[in-house]
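An overview of the molecular structure
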Amino acid sequence: MTGADGAAGTGLVFHDRYLQHNMGLARSGSPLAPYPYAEPEPHPSSPRTVGRAKHLLDLSGLGERLTPIAPRPATDVELATIHTLDYVARVRALAAAGGGDAGVNAPLGPDGFAIAALAAGGAIAAVDAVIGGVVCNAYALVRPPGHHALADRGLGFCLFNNIAIAARHAQRAYGLRRIAIIDWDVHDGNGTQEAFYADGEVLFVSLHQDGLFPVDMGLVEQIGSGEGVGKTVNIPLPPGCGDAAYAAAIERVVAPIVRQFAPELLLISCGLDAGAFDPLGRMNLSSAGFRELTRAAMALADECCDGQLVVVHEGGYSQTYVPACTLAVIEALAGVAEPWPDPALARLLIARTRREVGLDAEHTLTAVLSTQRPYWQL
Ligand SMILES: [Zn+2]
């Protein structure tokens with residue numbers, strides 16, 4: 001597989017430091033339905049999901065065929081392309097004081113600042129490797145995730161918005177103008193949406209579970225403002241909709257819009273929490289569904305930008321299924337013809353949602369198409 005400047009192969013960003021980001025224990029529940037037990041439970045955003053994904057990648061034999069890309073910490077200047085300098089200083093001070101919460105449910109320990117800067121820098125390194133022609137495409141297996149993080153506070157396990165910072169880096173360092181970000185994490189990428197809401201040069205498309213988190217974000221009618229009108233595309237799919245609905249959303253909405261936008265670089269916020277066994281999501285995607293999403297993204301990148309594609313890890317909380325789905329995505333990126341077996345796949349391929357788009361999902365797609373039609377040929 002070759003891409004821009006004859007680049008070959010797929011890159012992988014990973015660092016053991018990512019596994020040291022400790023979210024501690026959690027008490028799930030809400031003010032309306034408080035957690036009833038005396039003892040807390042492990043935080044869902046555990047290092048184990050990413051660690052096991054890396055382990056499976058190596059066990060499958062694919063790991064050694066990828067080009068390793070070393071991350072570096074993002075600088076304060078790079079973090080400040082998305083975040084306020086005051087927030088960057090606050091996260092640093094919080095970590096130096098032993099840890100705490102950088103916003104709402106965005107805990108960090110004493111190493112939290114350094115590791116979060118290394119996650120943002122990992123996404124930047126992936127962009128450098130792809131645009132620099134070292135590899136054709138790349139997967140940044142980073143944590144903590146980033147897409148909920150806002151300019152001035154952390155949110156939903158996210159400290160710095162890795163993918164937004166990487167997009168700004170591509171513009172600043174390489175003079176790229178049009179960048180498209182597709183976010184298929186089960187939660188809405190509210191932080192990324194806010195970062196580029198009035199920006200006509202960054203297209204943000206989010207496929208997520210309707211009404212999940214944050215509840216007031218990712219709505220169909222949130223389409224951008226000012227120069228950015230029509231450059232935010234929200235597709236809030238109904239719970240349980242499965243592989244067929246995602247494929248239809250890509251084919252009918254995402255692909256035509258991305259083609260017309262004609263990005264010079266395509267970035268993916270790759271949450272694996274739309275996977276069928278995720279404790280925080282209910283979207284029923286199989287590893288085959290993730291593989292198909294990735295192939296669709298690759299086809300768009302081939303059409304628009306010489307295949308230049310950077311995939312950045314976001315959420316995902318099933319310790320068994322995040323590794324399988326992450327592997328499926330990276331196998332697709334690397335053009336692996338014979339996938340590593342997914343033991344759960346047979347059970348998921350017989351689901352009706354593998355073949356049929358439900359009426360509720362059809363309704364969502366119709367609403368998105370009619371909302372976006374003033375801005376795109378759909
Ligand atoms: Zn998520």
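Residues numbered from 1 in each chain as written. Predicted model: local features only at pLDDT ≥ 70, side-chain atom pairs only at ≥ 80, totals over all residues. Heavy atoms only, no water.

Across the six residues of strand S12 (residues 232-237), six count as buried, placing the element largely inside the fold. Of the two faces of S12, the one carrying Thr 232, Asn 234 and Pro 236 and the one carrying Val 233, Ile 235 and Leu 237 are both buried. Relative to S12, strand S11 (residues 202-209) is paired through six bridges, and the arrangement is parallel. Bridging from a neighbouring strand, Val 205 pairs with Val 233 of S12. (Buried < 20%, exposed > 50% of the residue type's maximum accessible area, 1.4 Å probe, protein only. Helix = DSSP H or I, 4+ residues; strand = E, 2+ residues; numbered from the N terminus. Pairing = 2+ DSSP bridges.)

What follows is about the nonpolar core. One finds Tyr 139, Leu 207, Ile 235 and Leu 266 to be the most contacted residues of the largest nonpolar core, which totals 116 residues. With 15 residues, helix H4 (residues 112-131) is the largest single contributor of residues to this core. When neighbours within four sequence positions are excluded, Leu 266 is seen to be in contact with Ala 180, Ile 182, Ala 297, Leu 300, Ala 301, Cys 305, Gln 308, Leu 309 and Val 310. (Core = buried A, V, L, I, M, F, W, Y, C linked by side-chain atoms within 4.5 Å. Contact = heavy atoms within 4.5 Å.)

It is worth spelling out the pattern of salt bridges at this point. In the structure shown here, the tally under the stated rule is 14 salt bridges. Arg 17 is the partner of Asp 111 in a salt bridge, and the nearest nitrogen-oxygen pair spans 3.6 Å. Highlighted residues: Asp 111 in the loop between strand S7 (107-108) and H4 and Arg 17 in the loop between strand S1 (10-13) and strand S2 (25-26), separated in sequence by 94 residues. By relative accessible area, Asp 111 is classed as partly exposed at 36%. With its nearest N and O atoms 3.8 Å apart, the salt bridge here joins Glu 356 to Arg 352. With a relative accessible area of 58%, Arg 352 lands in the exposed category. Through salt bridges with shared partners, one network takes in Asp 243, Glu 292 and Arg 354. (Salt bridge = Lys/Arg side-chain N within 4 Å of Asp/Glu carboxyl O.)

Its place among the elements puts Glu 194 in helix H6 (residues 190-195). For Glu 194 and Leu 365, which are 171 residues apart along the polypeptide, the C-alpha to C-alpha distance reads 23 Å. Ignoring anything within four residues of it in the chain, the contact list for Glu 194 reads Leu 150 and Met 217.

The strand order S4-S1-S8-S14-S13-S10-S11-S12 describes an open sheet built from eight strands, whose pairing is parallel. What marks the edges here is a single partner per strand, and that holds for strand S4 (67-69) and S12. Taken pair by pair, the neighbouring strands of this sheet meet at an average axis angle of 15°, ignoring direction. With five bridges connecting them, strand S13 (residues 265-270) and strand S14 (residues 309-313) associate as parallel partners. Looking at S14, one finds that Leu 267 is bridged to Val 310. In the packing of helix H7 (residues 242-261) onto the sheet, the strands contacted are strand S10 (179-183), S11 and S12, and the crossing angle to S11 comes to about 175°. (Axes fitted to C-alpha atoms, helices over the stretch in contact; angles between N-to-C directions.)

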